[in-house]
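Residue-level structural notes
Listed here are the chains, written in short residue letters.
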Amino acid sequence: MKYRKDIDGLRAVAVIPVIAFHAGFLGLKGGYLGVDVFFVISGYLITSILTAELSREQFSVVAFYEKRARRLLPALFFVLFVSSVAAFLLLGPQSLKDFGQSVVSVIGFISNFYFYLTSGYFSTAAEEIPLLHTWSLAVEEQYYIFYPLLLMFLWKSQKVLWNTILFLAICSFITCLVLTTKDFSASFYLPFSRAWELLAGGVVALLQTKLNLVSGLKKEFLGGGGLILVIFSLFMIDQSYLHPGWVTLIPVLGTLLIIGFGENTFVEKLLGLPFFVFIGLISYSLYLWHQPIFAFVRIKSFDEPSKQMMIAATVLAVVLAIVSYFFVEKPFRKKNLVTRKKIFLFSGLGLSFFFVFGVVSHLSEGFYFRFGADSAFSTVTHSPYRYQCHSSSRKVVSFDSSCQLSGINQPEWAVLGDSHGVELSFSLAEVLGTSNVHQLTYSGCPPAFEFNTRVEGCGDFLNKGLQHIIDSDSIENVVLTFRHLYYLTPVKHKYESTSEELNEFKPAKLSAAVELTASQLRDVYWHSLSTAIEKLTKAGKQVYLLGPVPEPRTHIKKILNPGFVFQYSGADEKVAVQRTQFEMQVKNIESNLIKIAQKYGAYLINSKNMLCDQKRCYASLEGKSMFFDDNHLSIYGSRVVIENLITEVINQIE
């Protein structure tokens, strides 16, 4: 097929916004849509190449995959190798174990399925997953498996070929629309809802001869309009829109217009400028490098990296991309230097090497030996029943089958609240030993006994749970646990809000039938909790309230992990937050909890007395982690709270 400089320039238009978006530059709210531009370009180029070979009866499946191997694998292996060395030196055990798993998914070209299956409430932030961006490569590779065979078998029947491609594209788009509203992650990662973008590029390739008949102002208008649509989408479409979906048609249509009508127009001249062409040539390597570099920078930064740091990271990505292009990509494309036999041997050895690395990373628990036996990482653990016993808007565990943690059929204790009650339930059952604990917890659920919440099913679950406890003859003690610090303070940084912001902020996840002020919403919040406690007290239940927990400023893995793994010094105590900061933030929350506890004879569990000294609140104590993420107490941390407070209260009662 004829080489078009403007398509290389279009690659630059795709990759620059992706890099800028991930680095936080230029205000490109829709920079992530550059991936969709890439999909259309890939569909167009692959179809153009395949149809040219099929028309000359020169198509070979072996030759096709040889070209794919030359194009994709050398640079990918280079990035994987450097990233694996960096991961070994910089990541903690669980993070390296996860990285190893992702490496296996990458070389198996199924990383989109892997990241879909591992995304969730407690998953690592996307910005800190080094190989997350390979999901798009996996989508393309899965497309390359079936699409060439489809064209080959249907090539002699053009009508059937056309109808089949259009039918598949329509089905894929409908799947995209349905999945985006039902399961966003599935729609985003999986090939079934992305294939229409690649197929759209293929349709333009099949129509290119007819599209070339358009000339003059029409062509200028259509090509220019396509560029405007792409630029509009990059600057104006943000993550509040359902994507992929109807809105994705804008960058896809824009890309189709540029490819179909941009040749021999002003758009071609613009995209054919040396700068855009050069960036387009290194775009594959640049795309490969940017995410690992950005991810490792964010992993090793306690707070969000500065703009200067991200600029330096971007420059490094560009430098490595240039090195990759000239010294890795180009040499492997030359058949006189690397024969077919050598490229397949190289590919097999590379895939085998990274498969072994990934498997060993998993089996060795992230090369745990790097830290030694006294590593606090061993206590970064959550309840083994978290996924079995914990409810959410996606899965509600019935009260009849929900977990009763211990060996007695009739529970004497119940824990009612949000996800912060999960580890508390497990530790409570361990400490009490013979007393059964009934866990009734629901993710992200504030005390919505009397108000609506944005978390679907939350209020209904709490009120049914409350009535279940009241109706139970065996349950005598109830622990109410909610993440008040999150629900009643700004969602921005936990400990960096001014008093003015606290007064103006409307409590998180609350919703009201009429517009209420922040103060009125807080009154609704506390009245709802008070009413629930009053009902429990009147039913003869003893109530325990968990007060605010001094949450770490960032994920516990960052706090525990040294800058360089071999600097690890063992059982160090790590600071979560300064006590004065914490006390200032929770002053009003604690005041309300104390009033409620005194009014109804409830016991207030004040965790700061166990997790803080006079100056600091700790993320780890005596070489043990108090948390398993950036806000949930670990099993060990919750056990510390239970042993030092709940058991003390129990002893007083007895």
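Small disclaimer: the values here were computed from a predicted structure and weren't measured.

**Some remarks on the packing of helix α3 (residues 61-90) against helix α4 (residues 93-107)**
- Put simply, α3 and α4 touch, their axes get as near as 10 Å, and they point 170° apart. Between α3 and α4, the crossing angle belongs to the class labelled roughly antiparallel. Listed contacts from α4 to L76, L80, S83, S84, A87 and F88 of α3 are L96, F99, V103, V106 and I107.
- The residue makeup of the contact of α3 with α4, split by class, is nine nonpolar, two polar and no charged.

**What to know about the state of the cysteines**
- Per the stated rule, a full pass over the model turns up two disulfides.
- Through a disulfide, C445 is tied to C458; the S-S separation comes to 1.9 Å. Its S-S torsion of about 80° marks the bond between C445 and C458 as right-handed, since a negative value means left-handed. A residue pair is termed long-range when its members are at least 10 positions apart, and C445 in the loop between β3 (437-441) and β4 (452-453) and C458 in helix α19 (residues 458-471) qualify at 13 residues.
- Shown here is the disulfide that connects C612 with C617, its sulfur atoms set 2.0 Å apart. Residues C612 and C617 are joined through a disulfide that is right-handed, its torsion about the S-S bond being 100°.

**Looking at the pattern of salt bridges**
- This structure, assessed with the given rule, holds 22 salt bridges.
- Residue E590 pairs with K608 through a salt bridge whose shortest N-O separation is 3.2 Å. Highlighted residues: E590 in helix α24 (residues 579-600) and K608 in helix α25 (residues 608-611), separated in sequence by 18 residues.
- Accessibility expressed as a relative area gives 12% for E590, which makes it buried.

**Brief notes about unusual backbone geometry**
- The omega torsion across H243 and P244 is 0°, close enough to zero to call that bond cis.
- In this structure, E57 takes a positive phi of about 55° despite not being glycine.
- Assignment of secondary structure puts E57 in the loop between α2 (34-55) and α3.
- E57 sits in the exposed class, given a relative accessible area of 73%.
- One non-glycine residue, F367, lies in positive phi territory at about 50°.
- The topology assignment puts F367 in the loop between α16 (340-363) and α17 (386-389).

**Describing the packing of α3 against helix α15 (residues 307-333)**
- α15 packs onto α3 with a crossing angle of 140° between their chain directions and a minimal axis gap of 9 Å. In terms of orientation, α3 lies oblique with respect to α15. As α3 runs across α15, the sense of the crossing is right-handed. Residue-level inspection shows R70, R71, P74, A75 and F78 of α3 in contact with α15, the latter providing S324, V328, E329, F332 and R333.
- In the contact of α3 with α15, the residues fall into five nonpolar, one polar and four charged.

Basis of the calculations
Along every chain, residues carry numbers that run from 1 in the direction the sequence is written. Totals for whole chains, interfaces and linings use all residues, but because this is a predicted model, local features are given only for residues with pLDDT of at least 70 and pairs of side-chain atoms are given and counted only at 80 or more. Values shown for side chains rest on all heavy atoms present in the structure; no hydrogens or waters enter the calculation. A fitted line through C-alpha atoms serves as each axis, taken over the contacting stretch for helices, and the angle formed by two N-to-C directions is quoted from 0 to 180°. Secondary structure is summarised from DSSP: a helix means a run of H or I of at least four residues, a strand means a run of E of at least two, and numbering begins at the N terminus for each. If an angle is under 35 degrees, it is roughly parallel; if it is over 145, roughly antiparallel; if it lies from 65 to 115, roughly perpendicular; otherwise it is oblique. Contact criterion: two residues are considered in contact whenever any of their non-hydrogen atoms come within 4.5 Å of each other. Each residue is assigned to one class: nonpolar for Ala, Val, Leu, Ile, Met, Phe, Trp, Tyr, Cys and Pro, charged for Asp, Glu, Lys and Arg, and polar for all the others, Gly among them. Working definition: a disulfide is two cysteine sulfur atoms within 2.5 Å of each other. Definition used for salt bridges: Asp or Glu carboxyl oxygen within 4 Å of a side-chain nitrogen of Lys or Arg. Each residue is placed in one exposure class: buried if its accessible area under a 1.4 Å probe, protein chains only, is under 20% of its type's maximum, exposed if it is over 50%, and partly exposed if it falls in between. Here a crossing is taken to be left-handed if its near helix is turned anticlockwise relative to the far helix by less than a right angle, and right-handed if that turn runs clockwise.

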